[in-house]
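Residue strings, one per chain:
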Amino acid sequence: MALRNIVKDGDPVLTKRCRPVEKFDKKLHTLLDDMAETMHHANGVGLAAPQVGILRRAVVIDISPEQDSVLELVNPKIIAYSGEQEGNEGCLSFPGQWGIVKRPNYVKVKAQDRFGEEFTVEGTELLARAFCHELDHLNGVVFKEVCERMLTRSEIEDMTR
Ligand code: CO
């Protein structure tokens, strides 16, 4: 496993639509392992392949405080959603920036695992938010484009005090 560089604000790779993963090989497994390590190291709850410069449809998510529950989603699709939540959202590619983003409160995703096996997974609240945020990355969409508004500097200071 190795840490990868996280692509930052302004890099055109963050605006590109990703291609499906077709090979469930060692290279994919290394990518997913590296993405999980990179996400944990940066204290994030999710990371999409384009954020490490790879334009393929793969994401990792881990909302557990212990950083021991990595969810790998390959070629994920949202197949159901309901409700609404509004909350603060940030992104490892936009350090220090936060926005208020409306998302569904419940999201169900169909995806493949690292071996190509299909499965479904569902989540509410933070997990539902993470599904939406990370899957947006695969279509070249970042939270700044879908937010109600960005938080001001003093709002961010209040939040982190
Ligand atoms: Co992000």
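Preceding this paragraph is the structure being described.
Overview of the structure.

Here the focus is the nonpolar core. Counting 26 residues, the largest nonpolar core has Ile61, Leu73, Val109 and Phe131 as the members making the most contacts within it. Broken down by secondary-structure element, the contributors of at least two residues to this core are strand 2 (58-61), strand 6 (106-112) and helix 2 (125-138). Per element, the largest residue contribution to this core is 7 residues, and it comes from helix 2. Ignoring any residue separated from it by four or fewer positions in sequence, one finds Leu73 in contact with Arg57, Ala58, Val59, Ile61, Val109, Ala111, Gln112, Phe119, Val121, Phe131 and Leu135. Counting 14 residues, the second-largest nonpolar core is a separate cluster that includes Ile6, Leu28, Met39 and Leu47.

Evaluation of the coordinates by the stated rule reveals 9 salt bridges. Note that Asp34 is salt-bridged to Arg4, the shortest N-O span being 2.9 Å. Placement of Asp34 in helix 1 (residues 26-41) and of Arg4 in the segment before helix 1 is noted, with a sequence separation of 30 residues between them. Residue Asp34 is classed as buried on the basis of its relative accessible area, which comes to 5%. Note that Glu155 and Arg149 form a salt bridge whose closest N and O atoms lie 2.8 Å from each other.

Below, the discussion takes up a nonpolar patch on the surface. A cluster of nonpolar side chains, Val45, Ile63 and Leu126, forms an exposed patch at the surface whose accessible area comes to about 220 Å². Considering the arrangement of structural elements, one finds Leu126 in helix 2. Note on Leu126: relative accessible area 41%, which makes it partly exposed.

Here the focus is the pairing of strand 7 (residues 118-124). Pairing geometry for strand 6 and strand 7, over 7 bridges, is antiparallel. Following the sheet pairing, Val109 is matched in strand 7 by Val121. Counting the residues between successive antiparallel strands, the hairpin from strand 6 to strand 7 contains 5 residues, one of them, Gly116, with a positive phi of roughly 95 degrees.

The next point concerns the coordination of the cobalt ion. Within the protein, the cobalt ion binds to Cys91 (SG), His133 (NE2) and His137 (NE2); these donor distances fall in the range 2.1 to 2.2 Å. Of note, the cobalt ion draws all its donor residues from one chain, in the sequence arrangement C-x41-H-x3-H. Of the two residues, His133 and His137 both sit in helix 2, 4 residues apart, roughly one turn of that helix. The class for His133 is buried, based on a relative accessible area of 7%.

In this structure, the largest pocket spans a volume of roughly 390 Å³. Around the largest pocket sit 22 residues that line it, and Val45, Glu89, Gly90, Cys91 and Trp98 are the ones nearest its centre. Secondary structure elements with two or more residues in the lining of the largest pocket: strand 4 (85-89) and helix 2. Ranked by the residues each element gives to the lining of the largest pocket, the list is headed by helix 2, at 6 residues. Residues that form the lining of the largest pocket fall into these classes: 9 nonpolar, 10 polar and 3 charged. Considering only enclosed or pocket space, the second largest pocket measures out at about 340 Å³ in volume. Forming the walls of the second largest pocket are Arg4, Val21, Glu22, Lys23, Asp25, Lys27, Leu28, Leu31, Ile54 and Arg56.

Calculation criteria
- Residues numbered from 1 in each chain as written.
- Predicted model: local features only at pLDDT ≥ 70, side-chain atom pairs only at ≥ 80, totals over all residues.
- Heavy atoms only, no water.
- Core = buried A, V, L, I, M, F, W, Y, C linked by side-chain atoms within 4.5 Å.
- Buried < 20%, exposed > 50% of the residue type's maximum accessible area, 1.4 Å probe, protein only.
- Helix = DSSP H or I, 4+ residues; strand = E, 2+ residues; numbered from the N terminus.
- Contact = heavy atoms within 4.5 Å.
- Salt bridge = Lys/Arg side-chain N within 4 Å of Asp/Glu carboxyl O.
- Patch = residues over 30% accessible without salt bridge, like charges linked within 9 Å, V, L, I, M, F, W, Y side chains within 5 Å.
- Areas by Shrake-Rupley, 256 points an atom, 1.4 Å probe, with all protein chains shown as cover.
- Pairing = 2+ DSSP bridges.
- Donors = N, O, S within 2.8 Å, 3.2 Å for Na, K, Ca; no water.
- 1 Å grid on protein atoms, 1.4 Å probe; cavity = no way out; pocket = protein on both sides within 12 Å on 5 of 7 lines; lining within 4 Å.
- Points joined across faces, edges and corners; volume = space filled by probe spheres on them.
- Nonpolar A, V, L, I, M, F, W, Y, C, P; charged D, E, K, R; others polar.

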